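# Remarks on the overall topology
This is what each chain is made of:
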Amino acid sequence: DVKVTQSSRYLVKRTGEKVFLECVQDMDHENMFWYRQDPGLGLRLIYFSYDVKMKEKGDIPEGYSVSREKKERFSLILESASTNQTSMYLCASSGTRAFHTEAFFGQGTRLTVV
Amino acid sequence: GEDVEQSLFLSVREGDSSVINCTYTDSSSTYLYWYKQEPGAGLQLLTYIFSNMDMKQDQRLTVLLNKKDKHLSLRIADTQTGDSAIYFCADNQGGGADGLTFGKGTHLIIQP
């Protein structure tokens, strides 16, 4: 059974804290992604990585950074959390099967910044 | 730029058919997808269709693709309360590491 696991379901952090969101996949996928999901805005891509130590900015990278030191792990870092980063964060990994891309998602981390 | 559009809400009665619509702009998309997100969970792949197909059926689900109009629909027959979820349309823009482009999601509400 394929899995993408996010380290926390719920987090509450204070403004200005450094926050780490961890994601691990067991499918040996090259590609990993971080999205945030907000009501009425759908999924917005923050960062993605197509290989170890590689990272690319998505649509809304400001205020975030990422780390991919191992193939199976992709971390999202909020350098100094702010209240506008309160959101649901979804990690995904994808691989190519029979020429089509299939993405697998973690269960999400609901982050509240107070 | 690339865009995938879908309405935000759809309300249907239990037992009726639900039809969720989606339009996309990138004609180079080779695969189109429907993902389902149940409350408090991540997204799960529901079904997909290759761009050279017009229709794909899988039990209660029927996907229709009109490539000329760049219109994709998902029909759920005999809608049940367990179908209540957010449904996301996505395309693959021809594939690649930059992943899928998602619509904003349609929240399917089931009335008893």
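To be clear, the structure that these remarks concern was listed above.
Just so it is clear, the structure is predicted and the values come from calculations on it, not from any experiment.

A few words on the overall build of chain B. A count of helical and extended segments in chain B gives 0 helices and 11 strands. Reading chain B from its N end, one meets helices and strands in the order β-β-β-β-β-β-β-β-β-β-β. By its C-alpha atoms, chain B is 40 × 30 × 20 Å across when sized along the principal axes. In chain B, which comprises 112 residues, the proportion classed as buried is 43%. The contacts of chain B with a sequence gap of at least 6 include a subset with a gap of at least 24, amounting to 55%.

All names here are of chain B. Taken in spatial order, the 5 strands of this open sheet run 1-3-8-7-6, and their pairing is antiparallel. The open sheet has two edge strands with one neighbour each: strand 1 (4-5) and strand 6 (55-58). Taken together, the 6 bridges between strand 3 (residues 18-24) and strand 8 (residues 71-76) define a ladder with antiparallel strand orientation. Counted as the bridge partner of Ile20 is Leu74 from strand 8.

What follows is about the sheet that holds strand 3 (residues 19-25) of chain A. Residues and elements named next belong to chain A. The sheet built from 4 strands is open, its strands ordered 1-3-8-7 with antiparallel pairing. Where the open sheet ends on each side, the last strands, each with one partner, are strand 1 (4-6) and strand 7 (64-70). Neighbour-to-neighbour, the strand axes of this sheet turn through a mean angle of 20°, independent of strand direction. Summarising the sheet, strand 3 and strand 8 (residues 73-78) pair through 6 bridges and their orientation is antiparallel. Of the residues in strand 8, the one forming a bridge with Cys23 is Phe74.

Side-chain pairs of opposite charge can arise whenever the charged atoms involved come near each other. Residues and elements named next belong to chain A. Taken as a whole, this structure holds 9 salt bridges over all chains when the rule is applied. A salt bridge links Glu79 to Lys18; the shortest N-O distance between them is 3.6 Å. Taken as a pair, Glu79 in the loop between strand 8 and strand 9 (87-97) and Lys18 in the loop between strand 2 (10-13) and strand 3 lie far apart in primary sequence, 61 residues in all. Under the relative-accessibility criterion, Glu79 is labelled partly exposed at 41%. The shortest N-O distance in the salt bridge between Lys53 and Glu69 comes to 2.5 Å. Of this pair, Lys53 sits in the loop between strand 5 (42-49) and strand 6 (56-57) while Glu69 sits in strand 7, and the two are 16 residues apart along the sequence. For the residue pair Lys53 and Glu69, the accessibility class agrees, reading exposed in each case. If you follow the salt bridges from partner to partner, you end up with Asp28, Glu30 and Lys71 in one network.

In globular proteins that are soluble, nonpolar side chains generally tend to be buried together. Residues A:Trp34, A:Ile46, A:Leu76, A:Leu78 and A:Tyr89 are the most contacted members of the largest nonpolar core, which totals 22 residues. Elements that contribute at least two residues to this core include exactly strand 3, strand 4 (31-38), strand 5, strand 7, strand 8, strand 9 and strand 11 (109-113) of chain A. The next biggest cluster of nonpolar side chains, apart from the first, holds 19 residues, and it includes B:Tyr24, B:Leu32, B:Ile76 and B:Ile110.

Reading the values: rules and limits
- Residues numbered from 1 in each chain as written.
- Chains lettered and ligands numbered in written order.
- Predicted model: local features only at pLDDT ≥ 70, side-chain atom pairs only at ≥ 80, totals over all residues.
- Heavy atoms only, no water.
- Helix = DSSP H or I, 4+ residues; strand = E, 2+ residues; numbered from the N terminus.
- Buried < 20%, exposed > 50% of the residue type's maximum accessible area, 1.4 Å probe, protein only.
- Contact = heavy atoms within 4.5 Å.
- Pairing = 2+ DSSP bridges.
- Axes fitted to C-alpha atoms, helices over the stretch in contact; angles between N-to-C directions.
- Salt bridge = Lys/Arg side-chain N within 4 Å of Asp/Glu carboxyl O.
- Core = buried A, V, L, I, M, F, W, Y, C linked by side-chain atoms within 4.5 Å.

In short, the description is geometric, and any link to function would need to be established separately.
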